[in-house]
Amino acid sequence: MRVLLISLFLFCLNSAYAQSIKGMVKDASDNSGIIGAHVLLYQDEQIIHVALTDIYGSFSIDSIKPGIYDLSIPYAGYQTLTDTIALMENKLYNFEYNLSDIEFPFCGFIIPIYPLQDLLQNKYGNTLVINRYSDLIAANFGDPSRLAYRTSSTSIQNDQSNAIVYRGLSPDLIQWSMYGASIVNPNHLSNAGTFSDQASASSGGVLSIPFETISQFSFHRQPYSNHLQSGISGLFDFQFDSTGDTFFKLGLLGMEVGMAESLSNSDIGIKAHGRYSTVGLLSDLGISFDGESIRFGDLFLHLDIDDHWSITTTYGKSQNKKSPIENGLTEKDFSDISYDAELIMSGLHYKKEHYEHALVFSHRSDYRDSYSPITEMRDSSSYSVSKIGYNGTYRDDRLQLSVNSHLSIDDLDYTVSSFKGNTFIFQPTVSYLFYKYGRSDFTFRPQLSILHDSGSEKSLFVEPGIQAILSKNSNTWIFSTALKSQTISTLIRGTKLDNGEVIENGQNVSRVESFSSSLIWKHRGSIDFSTNIFVQTYFDLPVIGRYNPVMNGYNFIVTGEYEEKLQSTSYGIELAADKSFGNNLYLHGNLSYFQIQSDNSPTRFDFGYVANLVFTKRWNKLSGSITGHYRGGALDIFNDYKELDLAQYGDTVYDLRDYYRIDAQLKYSWKDNNELILDIQNLTNRQNDAYYYYDNYLDEVVLEKQLGMIPILSYKRIIN
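Being a predicted model, the structure only gives us computed values, none of them experimental. (Residues numbered from 1 in each chain as written. Predicted model: local features only at pLDDT ≥ 70, side-chain atom pairs only at ≥ 80, totals over all residues. Heavy atoms only, no water.)

### Notes on the overall build of the protein
Stage number 1. Helix and strand counts for the protein come out as four helices and 46 strands.
Stage number 2. Burial statistics for the protein: of 720 residues in total, 57% are counted as buried.
Stage number 3. When the accessible area of the protein is evaluated, it comes to approximately 29300 Å², of which 57% is carbon and sulfur surface. (Helix = DSSP H or I, 4+ residues; strand = E, 2+ residues; numbered from the N terminus. Buried < 20%, exposed > 50% of the residue type's maximum accessible area, 1.4 Å probe, protein only. Areas by Shrake-Rupley, 256 points an atom, 1.4 Å probe, with all protein chains shown as cover.)

### With respect to the pairing of strand 24 (residues 355-372)
Stage number 1. Bridge count between strand 23 (residues 336-352) and strand 24: 17 bridges; the pairing is antiparallel. Residue pairing across strands places Lys352 opposite Tyr355, the latter belonging to strand 24.
Stage number 2. Linking two consecutive strands that pair antiparallel, namely strand 23 and strand 24, is a turn of two residues; a positive phi of about 50 degrees is found at Glu353 within it.
Stage number 3. Direction of pairing for strand 24 relative to strand 25 (residues 377-395): antiparallel, over a ladder of 18 bridges. Residue Tyr367 lies in a different strand from strand 25, and its bridge partner there is Ser382.
Stage number 4. Linking strand 24 back to strand 25 in an antiparallel pair, the connection comprises four residues, with Glu376 at a positive phi of about 55 degrees. (Pairing = 2+ DSSP bridges.)

### Some words on empty space enclosed by the protein
The method is simple in principle: a probe with the dimensions of a water molecule rolls over the atoms, and the space it marks as empty is what remains.
Stage number 1. Counting across every chain of the model gives 12 cavities of 30 Å³ or more.
Stage number 2. Considering only enclosed or pocket space, the largest cavity measures out at about 500 Å³ in volume.
Stage number 3. Lining of the largest cavity is provided by 32 residues; of these, Gln175, Lys387, Ser408, Thr487 and Ser489 occupy positions nearest its centre.
Stage number 4. When residues of the lining of the largest cavity are traced back to their parent elements, those giving at least two are strand 12 (175-178), strand 25, strand 26 (399-413) and strand 27 (418-432).
Stage number 5. Tallying contributions element by element places strand 26 first for the lining of the largest cavity, with four residues.
Stage number 6. Counted by class, the lining of the largest cavity contains 11 nonpolar, 15 polar and six charged residues. (1 Å grid on protein atoms, 1.4 Å probe; cavity = no way out; pocket = protein on both sides within 12 Å on 5 of 7 lines; lining within 4 Å. Points joined across faces, edges and corners; volume = space filled by probe spheres on them. Nonpolar A, V, L, I, M, F, W, Y, C, P; charged D, E, K, R; others polar.)

### Quick word on the nonpolar core
Stage number 1. Within the largest apolar cluster, 30 residues are counted, with the highest numbers of intra-cluster contacts made by Ile164, Trp176, Phe219, Phe236, Phe238 and Phe240.
Stage number 2. Other than its neighbours up to four places away in sequence, Ile164 contacts Ser145, Ala148, Tyr149, Thr154, Ser155, Ile156, Pro171, Ile174, Phe219 and Phe236.
Stage number 3. Core analysis: the second largest hydrophobic core is formed by 26 residues, Tyr383, Ile488, Leu491 and Tyr554 among them. (Core = buried A, V, L, I, M, F, W, Y, C linked by side-chain atoms within 4.5 Å. Contact = heavy atoms within 4.5 Å.)

### A look at the side chain of Gln198
Stage number 1. As for its position among the elements, Gln198 is in the loop between strand 14 (187-188) and strand 15 (206-207).
Stage number 2. Relative accessible area serves as the criterion here: at 8%, Gln198 is assigned to the buried category.
Stage number 3. A distance of 2.9 Å separates a polar atom in the side chain of Gln198 from a polar atom in the side chain of Ser381. (Polar contact = N/O pair within 3.5 Å; in protein donor to acceptor, adjacent residues only side chain to side chain.)

### Points about the pattern of salt bridges
Pairs can form between side chains of opposite charge whenever their charged atoms are close.
Stage number 1. Under the criterion given, the structure shown has 19 salt bridges.
Stage number 2. Between Asp689 and Lys705 there is a salt bridge, with the nearest N and O atoms lying 2.8 Å from each other. Here the residue Asp689 occupies a position in strand 44 (residues 689-695), and Lys705 occupies one in strand 45 (residues 700-705), the gap between them amounting to 16 residues.
Stage number 3. Overall, Asp689 belongs to the buried group, its relative accessible area being 8%.
Stage number 4. For Lys705, a relative accessible area of 36% gives the class partly exposed.
Stage number 5. Salt bridges sharing common partners tie together Arg150, Asp159, Arg661 and Asp663. (Salt bridge = Lys/Arg side-chain N within 4 Å of Asp/Glu carboxyl O.)

### Overview of the packing of aromatic side chains
Stage number 1. Applying the stated criterion across every chain, the model contains 23 aromatic pairs.
Stage number 2. Arranged with centres 5.3 Å apart and planes meeting at 45 degrees, the rings of Phe240 and Phe300 form a pair that is tilted. With a gap of 60 residues between them, Phe240 in the loop between strand 17 (234-239) and strand 18 (247-251) and Phe300 in strand 21 (residues 292-304) connect regions that are remote in the sequence.
Stage number 3. Classification of Phe240 by relative accessible area gives buried; the value is 4%.
Stage number 4. In textbook terms, an aromatic cluster arises when at least three aromatic residues are bridged by ring pairs, as seen for Tyr166, Trp176, Tyr179, Phe217, Phe219, Phe236, Phe238, Phe240 and Phe300. (Phe/Tyr/Trp six-rings, centres within 6.5 Å; stacked < 30°, edge-to-face > 60°.)

### Some words on the side chain of Ser218
Stage number 1. Take Ser218: it is sitting in strand 16 (residues 216-221).
Stage number 2. Those residues in contact with Ser218, other than ones at most four positions away along the chain, are Thr127, Leu128, Val129, Leu235, Phe236 and Asp237.

### Some thoughts on unusual backbone geometry
Trans is the common state for peptide bonds, and a negative phi is the common state for residues other than glycine.
Stage number 1. Residue Gln222 is joined to Pro223 through a cis peptide bond whose omega torsion reads -15 degrees.
Stage number 2. When you line up the elements, Pro223 lands in the loop between strand 16 and strand 17.
Stage number 3. Although it is not a glycine, Ser153 sits at a positive phi angle of roughly 60 degrees.
Stage number 4. Position of Ser153 among the secondary structure elements: in the loop between strand 9 (127-130) and strand 10 (154-156).
Stage number 5. By relative accessible area, which is 1% here, Ser153 ends up buried.
Stage number 6. The residue Tyr179 is not glycine, and still its phi comes out positive at about 55 degrees.

### Topic: the confidence of the model for the protein
Stage number 1. Per-residue pLDDT for the protein has a mean of 81; in total, 83% of the residues score no lower than 70.
Stage number 2. Between the elements of the protein, mean pLDDT differs from a low of 31, seen in strand 8 (residues 110-111), to a high of 96, seen in strand 13 (residues 181-182).
Stage number 3. Predicted confidence is poor over residues 102-123, with pLDDT under 50, and the contacts of this stretch with residues over four places away or in other chains come to 111 contacts.
Stage number 4. Considering only residues more than four positions removed or in separate chains, one finds that residues 640-649, a stretch of pLDDT under 50, has 20 contacts. (pLDDT = per-residue confidence, 0-100.)

### Looking at the environment of Asp340
Stage number 1. Relative to the elements of secondary structure, Asp340 occurs in strand 23.
Stage number 2. Sequence spacing of Asp340 and Asp366 is 26 residues, and the spatial spacing of their C-alpha atoms is 5.9 Å.
Stage number 3. For Asp340, the contacting residues outside a window of four places in its chain are Ser318, Gln319, Lys321, Ser365, Asp366 and Tyr367.
Stage number 4. Of note is the side chain of Asp340, whose polar atom sits 3.5 Å from the side chain of Lys321.

### Observations concerning the environment of Phe59
Stage number 1. Counting through the fold element by element, Phe59 comes out in strand 4 (residues 58-64).
Stage number 2. A residue is classified by how much of its surface remains accessible, and Phe59, at 5% relative accessible area, is buried.
Stage number 3. For the pair Phe59 and Glu353, spaced 294 residues apart in sequence, the C-alpha to C-alpha distance is 8.1 Å.
Stage number 4. In contact with Phe59, not counting residues within four places along its chain, are Ile21, Lys22, Gly23, Met24, Val25, Val39, Ala51, Leu52, Thr53 and Tyr97.

### Some words on the environment of Asp307
Stage number 1. With respect to the helices and strands, Asp307 occurs in the loop between strand 21 and strand 22 (309-322).
Stage number 2. Looking at Asp307, the relative accessible area reads 61%, which means it is exposed.
Stage number 3. Remark: the alpha-carbon pair of Asp307 and Gly269, spanning 38 residues in sequence, is separated by 9.7 Å.

In structure tokens form, the structure reads like this:
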């Protein structure tokens, strides 16, 4: 008992004299938080504590005895900051450190208000981070996901949607999350640009969460951290706060109103936002657009309850109705088509010191009904999915423990696919950071996930990963490798025969697994330059006929059993450069070459090369952006739908032309609270190829073209 009392007394004595320090590490040029910076605390030339800044640039160090300490913040591309601090008893310390670039203010991780400072690259792995001020890049239309295809090896499937194609992988493989917790596809008009006019798995025409609502939007690309939702392509993640503008905005795309306020003498902050499509309003007033009406609207609410708790809710609805028109040229012109979709997401987020938790409920439903007088056929389909997602993380200086889990409830009834059931995913992860600082800074983080999937033939998956970073002077080398897997979409979990019978073995396909490795070299100088060599192998790809739905898209599934499991490999090299010419003139360019090798199955999105070029210039009241996007042509894996002969399915492959587009934006601001924005998509009115299809009215195979030039003019008035 005496030993226990003495130990307890010493513990209490030590706690009484222990101090805590908190702080922020920011980029001196734009005041944005710096992610992944190590804050080193020395005493007698020995490191006694290391803290890592989070996604907001904040850090905390607890249980430090009073005394005098040396503090150092080394970060590649910035001047190492040093400070001496004296900690007194019974006092909480808050510090703010601003790092300056080694040569010029042009570095990093978050895209700030000038979009090409730190443009579409980062120097800490394969993650692109966008904030709400990143919308100065041309033709984004208020959709942060449309900036993703300005990065290396990333393109879009077509002009009508934000279907992101990463390294030749189908857009259907993109995952979505809120604070790391899994959510449903958050896009309006998810049938936009698809061949069958059915809902796509992960994309759409308009993101229901616009720039004005986010604090940051991250695109995690392979290989990325294992504590996030496992996926073989990429992961989009949303973060929110209550800061922002109170404003209204009128434009040809939509009408918006937003409010952001912090209650006086309180930690409570609130942000609200609403939007409705302008075309939808004109349709409501009786104006016809060749027999078609498109409506979408969304409401958003975020509440910061205190420094730790927040609640976020968003609701969206969209409609696309097309009536028959006279003097039509194709079967679709004479068809009557109605598409309706609805989605809701509501999440609870908690963050304090070493802990972060997010619990999110999301639901979406898609309904489609069509009638063709040419074939005298009526086709109806429905697709609904509900998810309860959870992500919890504990972090200290070295150790990170996390759990990512979700329950998915799916109900699908298509003409050729039917599935109804529940899927439970449970994924605990552990990682540990080893580091060494000196003339060369080196960090090494191994990680391990154990994943359980109740809806897969193989239910347990072991997924290791490694990230190593070496920084010296103006150079940084990053090696990452990870084994990941992904649930096969509900859209192909079951196939239905003509008599309505569901093929059971189509429902229990295994998760697709992927092993990826990436070696990045980044150099900072008068020109920022980076190169990335990558290779990725995919296992257990289901194949029907010669069609591989995972690599080619879920929208083209026909009836039949999955005959085999395929293996594919993609590899390539990415080059990127950023240059500041002074006077707020910036240039970014990237070029990538890649190839997909797949046994016995052609790959739709094996473009071969992708190139982007982005200019931005800012004057006193005027800013402008010109962007160019060029890639190789897609393959159209075509079957004569008049015959629907499974034995021949996918035997005809058409080469689509190379895709290119030039976009432009001009933004004029005056009196600090007025903005006039002109966004032009496809400045040259290029008619890119979309896909081939068999038209029953024309009785021939027809090439569908993509959209031409789209000019969008909008006015924004900031009230506060």
